[in-house]
Amino acid sequence: MAIFVPHPSSPRSVFSAAIMTLVFLAAKSGWTAALSFSRRTPLFVLCPKSSFRNPVRLRSSVGDDESISSLARILFLGTPDVAAASLRRLHDAGPSCPIPYEIVGAVTQPPRPAGRKRKLTPSPVHVAADALGIPVLFPEKASDPAFLDALESTQGDDGDSAALGPIDLAVTAAYGNYLPRRFLALPRRGTLNVHPSLLPRWRGASPVQRSLEAGDATLGTTVLFTVQKMDAGPLVSQVEIPATGDEMAGETLESLFMEGTEALLRSIPEVLTGKITMETAKVQEEEGITHAAMIGKEEGILRPNVHSAEVAHNKVRAFDMWPGCTLLLNVGESKDEVKVKVGRTRIVPVDDELLDMIDLSDNSIVLPKKKGRGLMLQCGDGSVLELLEIQPPTKKMMDAKSFINGLKGAALKWVELEE
């Protein structure tokens, strides 16, 4: 299901044309279409006929003496693949939860152009919610009045079939939009957020990446109440995970969100019953705060003359999703510089016997004659980094031996770059 919220300033002719087009597409695709007005703001609703439900929705029993249903009503907010996995898990667990609940709606970022053809593509959460028959809302901003009207209104109010209220609890997982005060006042039991770090360490946009870049010995995930200040709300639950030092950001982000979702499921019953509230949850300690700033593309450039092997290794782990890490090389006698992408690395122990068998002077990069080992280079501080996977221009990622075989015996050196 999808809910289209036109901008209030849209010309009437544009709005009418959009509605006619959507009704035609709905009829052609076997979907049900309905036009609803919430406080005089139009909402256009599309959903598969197979998932079209009775517009009269039962109210929640949580904290409401007038209620006639035992199902708590949860609103989910998220956007990327990790959030879609959380949505599916929460949806499946609803009936068996000690306090049964239903996901009454999913809020996500609007469809964006993607791929070479820049085709308008819905978010992973949008796709997952559609498959589960969950209504989808995708306002440009969470402060959109029509969006908030739909959450405040209840089905049956003025015949409004697009309304999703009342909301007992909201859950966010990598939604990517600021939630205004008006939104945070809607859920009766508040808004819970799954955050992939051990708050108050790494508040902000890139917690997993900054944690790996810093070489944190312990990773983790936090379930907290959402307040207007970013990631500053009271803590409901935390899960600590010892780090191995070789985790990559993509796989770590996925596993931390899964751990966080399970922690969330364990917390939901106590939050819905009022045992855990904003007032009783643990306040974050101010002295432990660190900020996870957004990542810049230039941060992925490796500079062995400046970076130690540990710093370079942690950058490769942290930035594997985006922007990736690159290294500038000279191949053979050519003065042309070649930029390669580095996939996986390893820090070579100082007592590794292979270091006595190779010459890494003068910025040389060498592949030891031992099966399974990678290309080795010596950083400016004397530490040695091992490149296990490399991606040359226009090629796929490959192991070190395959890369060297493609050079046909040409010598390899890294190029010095200043910060």
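Because the structure is predicted, anything quoted here is derived from the model rather than measured. Each chain carries its own residue numbering, running from 1 in the written order of its sequence. Local features in this predicted model are restricted to residues whose pLDDT is 70 or higher, and side-chain atom pairs enter the listing and the counts only when it is 80 or higher, whereas totals over whole chains, interfaces and linings include all residues. The basis for every side-chain value is the complete set of heavy atoms in the structure, and neither hydrogens nor water enter the calculation.

A. Examining the environment of Glu-140 more closely. Segments assigned H or I by DSSP are reported as helices when at least four residues long, segments assigned E as strands when at least two residues long, and all are numbered from the N terminus. Summarising the element assignment, Glu-140 is placed in the loop between strand 8 (136-137) and helix 4 (145-152). For this analysis, residues touch if any pair of their heavy atoms sits within 4.5 Å. Apart from the residues within four sequence positions on either side, Glu-140 is in contact with Pro-110, Arg-112 and Asn-177. Within 3.5 Å is the distance limit for a polar contact, defined as a pair of N or O atoms, with the added protein rule that one can donate a hydrogen and the other accept it, and that residues adjacent in sequence qualify only through two side-chain atoms. In this structure the side chain of Glu-140 is engaged in a polar contact, spanning 3.4 Å, whose partner is the side chain of Arg-112.

B. Helix 8 (residues 309-318), seen in detail. Within helix 8, eight of the ten residues are buried, which leaves it mostly tucked inside the rest of the structure. Taken together, the buried positions of helix 8 are occupied by Ala-309, Ala-312, His-313, Asn-314, Lys-315, Val-316, Arg-317 and Ala-318. For helix 8, the elements touching its buried residues are helix 6 (207-213), helix 7 (249-272), strand 15 (325-331), strand 16 (337-342), strand 17 (345-348) and strand 20 (384-387). Per-residue accessibility, obtained with a 1.4 Å probe over protein chains only, is compared with the maximum for each type, and a residue is labelled buried under 20%, exposed over 50%, and partly exposed between these values.

C. Unusual backbone geometry, seen in detail. Note that the residue after Gly-165, namely Pro-166, is joined by a cis bond; omega there is 0°. Within the element layout of this structure, Pro-166 appears in the loop between helix 4 and strand 9 (169-173). Residue Trp-322 is joined to Pro-323 through a cis peptide bond whose omega torsion reads 0°. At Asp-362, a residue that is not glycine, the phi angle is positive and equals roughly 55°. Among the secondary structure elements, Asp-362 is positioned in the loop between strand 17 and strand 18 (365-366).

D. Spotlight on the sheet that holds strand 16. With antiparallel pairing, five strands are arranged side by side in an open sheet as 22-21-16-15-23. Two strands in the sheet have a free side with no partner beyond their single neighbour: strand 22 (398-399) and strand 23 (412-414). As judged from the two bridges shared by strand 16 and strand 21 (residues 389-391), these two strands associate in the antiparallel manner. Among the inter-strand pairings, Val-342 is bridged to a residue of strand 21, identified as Ile-390. The rule for pairing is simple: two strands pair if DSSP sees at least two bridges between them.

E. Local environment of the environment of Met-357. Assignment of secondary structure puts Met-357 in the loop between strand 17 and strand 18. Met-357 sits eleven residues away from Pro-368 along the chain, and the two C-alpha atoms are 7.8 Å apart.

F. Quick peek at the packing of helix 2 (residues 81-93) against helix 3 (residues 124-132). The N-to-C vectors of helix 2 and helix 3 enclose an angle of 25°; their axes lie 7 Å apart at closest approach. Taken as axis vectors, helix 2 and helix 3 run roughly parallel relative to one another. The hand of the helix 2/helix 3 crossing is right-handed. Here Asp-81, Ala-83, Ala-84, Leu-87, Arg-88 and His-91 of helix 2 lie close against helix 3, whose contacting residues are Pro-124, Val-125, Ala-128, Ala-129 and Leu-132. Only the contacting stretch of a helix is used when fitting its axis, a line to C-alpha atoms as for every element, and angles between N-to-C directions run 0 to 180 degrees. In this scheme, roughly parallel covers angles under 35 degrees and roughly antiparallel covers those over 145, while 65 to 115 is roughly perpendicular and the rest are oblique. Less than a right angle of anticlockwise turn of the near helix away from the far helix marks a crossing as left-handed, whereas a clockwise turn marks it as right-handed.

G. Layout of the confidence of the model for the protein. Residue-level confidence of the predictor is summarised by pLDDT, bounded by 0 at the bottom and 100 at the top. With 82% of its residues at a pLDDT of 70 or more, the protein shows a mean pLDDT of 86. In the model, residues 3-21 has pLDDT below 50 throughout and makes 22 contacts with residues more than four positions away in sequence or in other chains. For residues 23-68, every residue scores under 50 in pLDDT, and the model assigns this stretch 108 contacts once sequence neighbours within four places are set aside.

H. Inspection of the environment of Val-340 at higher detail. Tracing the backbone through its elements, the reader meets Val-340 in strand 16. Considered as a pair, Val-340 and Thr-394 are 54 residues apart in the sequence and their alpha carbons are 9.8 Å apart. In this structure Val-340 touches Cys-325, Thr-326, Leu-327, Leu-329, Ile-390, Gln-391, Pro-392, Pro-393 and Phe-403, once residues within four positions along its chain are discounted.

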